[in-house]
Amino acid sequence: MTTDVGTVRTRTLARVLVPLLAALALLLLPGPGPGGGTADAASVCHGRPTRTITFATGELRLYRTRQYVCAVTVAKGPGPRRPMAVSLQPRGGRAVVRSGRFDRQAGPVTVHALNRCVRASGSVAGRGTATGWILC
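All of these numbers come straight from a predicted model, not from anything done at the bench.

**Looking at the overall build of the protein chain**
Right, on to step 1. Counting its regular elements, the protein chain contains one helix and eight strands.
Right, on to step 2. Ordered by position from N to C terminus, the α and β elements of the protein chain give α-β-β-β-β-β-β-β-β.
Right, on to step 3. The 136 residues of the protein chain split such that 30% are buried.
Right, on to step 4. Put simply, of all contacts in the protein chain between residues at least 6 apart along the chain, 47% involve residues at least 24 apart.
Right, on to step 5. Carbon and sulfur atoms form 57% of the exposed surface of the protein chain, whose accessible area is close to 9000 Å².

Below, the structure written as C-alpha cells:
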C-alpha cells in the first residue's frame, strides 16, 4: 500500500482549510441579528419582556429576571445620531444612566432589584417618558 506525498498534503490541507473557511463564511454572511434592516432592535437584555412604554420618538423597554431589571430606549427608526438616554433606579438605590448620541438605542442598563420597585425613564431627541415606582 503506497501513498502519494501529494495526496497526503492535499488531505492535510483540506482538513485545515475546510473548517477555517466554514467559520469565516458564518462570520461574513448576513443572518438574523442586529442591523438586519428592520426597525426592531435585538434584545440586549436578559430576562422576559415586562413592559414597553411608547412615546412620540421611541419606546422604553423593560425586562426582568428574578433578581435584575434591565432597560433600553429604542428609537422609532434608525437614523442619524441624536441625543438619547435611559435611566433605571431601584428603590433605595442610585440610578444607573446611559446617555449620549446614538443612532438606534441607548442602553442597556441593569440594576439589582430583588423584591424592590424600580423607576425608569427614557428619551430620544428631547422627547421621552418616565414611570413611577413599578414592578413591585
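**Quick notes on the sheet that holds strand β1 (residues 48-55)**
Right, on to step 1. Taken together, four strands build an open sheet; the order of strands is β1-β2-β3-β6 and the sheet is antiparallel. One side of each edge strand has no neighbouring strand; the edge strands of this open sheet are β1 and β6 (105-112). Looking at each pair of strands side by side, their axes are set apart by 15 degrees on average, direction ignored.
Right, on to step 2. Direction of pairing for strand β2 (residues 58-64) relative to strand β3 (residues 68-75): antiparallel, over a ladder of seven bridges. Residue R61 lies in a different strand from β3, and its bridge partner there is V72.

**What about the state of the cysteines?**
Disulfide: a covalent bond formed between the sulfur atoms of two cysteine residues.
Right, on to step 1. The full count for this structure, using the stated rule, is two disulfides.
Right, on to step 2. In this model, C45 is linked to C70 through a disulfide, with the two sulfur atoms separated by 1.9 Å. The sign of the -55 degrees torsion about the S-S bond sets the C45-C70 disulfide as left-handed. With a gap of 25 residues between them, C45 in the loop between α1 (5-28) and β1 and C70 in strand β3 connect regions that are remote in the sequence. Of the two residues examined, C45 and C70, each falls in the buried class.
Right, on to step 3. Here the cysteine-cysteine linkages of the protein chain are recorded as 1-2, 3-4, numbering only bonded cysteines and doing so in sequence order.

**So, the pattern of salt bridges**
For side chains bearing opposite charge, pairing can occur when the charged atoms are close.
Right, on to step 1. A complete count under the given rule lists one salt bridge for this structure.
Right, on to step 2. The closest approach of N and O atoms between E59 and R61, which form a salt bridge, is 2.5 Å.
Right, on to step 3. Residue E59 is classed as buried on the basis of its relative accessible area of 19%.

**A closer look at the pairing of strand β4 (residues 82-90)**
Right, on to step 1. When you tally the buried positions in β4, you get seven out of nine residues, the bulk of the element.
Right, on to step 2. Two elements, β4 and strand β5 (residues 96-102), share seven bridges in a ladder whose sense is antiparallel. Bridge pairing links L88 to V96 in β5.
Right, on to step 3. Counted along the chain from β4 to the antiparallel partner β5, the turn is five residues long, and its residue G92 has a positive phi close to 85 degrees.

**Points about the side chain of S87**
Right, on to step 1. Of note, S87 is situated in strand β4.
Right, on to step 2. Using a relative accessible area of 14% as the deciding quantity, one classes S87 as buried.
Right, on to step 3. Apart from residues no more than four positions distant in its own chain, S87 is found in contact with A95, V96, V97, R119, A120 and S121.

**So, the side chain of E59**
Right, on to step 1. Position of E59 relative to the elements: it lies in strand β2.
Right, on to step 2. Within the structure, the side chain of E59 is placed 2.5 Å from the side chain of R61, a separation counted as a polar contact.
Right, on to step 3. For E59, the contacting residues outside a window of four places in its chain are T52, I53, T54, V72, T73 and V74.

Calculation notes
Residues numbered from 1 in each chain as written. Predicted model: local features only at pLDDT ≥ 70, side-chain atom pairs only at ≥ 80, totals over all residues. Heavy atoms only, no water. Helix = DSSP H or I, 4+ residues; strand = E, 2+ residues; numbered from the N terminus. Buried < 20%, exposed > 50% of the residue type's maximum accessible area, 1.4 Å probe, protein only. Contact = heavy atoms within 4.5 Å. Areas by Shrake-Rupley, 256 points an atom, 1.4 Å probe, with all protein chains shown as cover. Pairing = 2+ DSSP bridges. Axes fitted to C-alpha atoms, helices over the stretch in contact; angles between N-to-C directions. Disulfide = S-S within 2.5 Å. Salt bridge = Lys/Arg side-chain N within 4 Å of Asp/Glu carboxyl O. Polar contact = N/O pair within 3.5 Å; in protein donor to acceptor, adjacent residues only side chain to side chain.

Nothing here speaks to function; it is geometry throughout.
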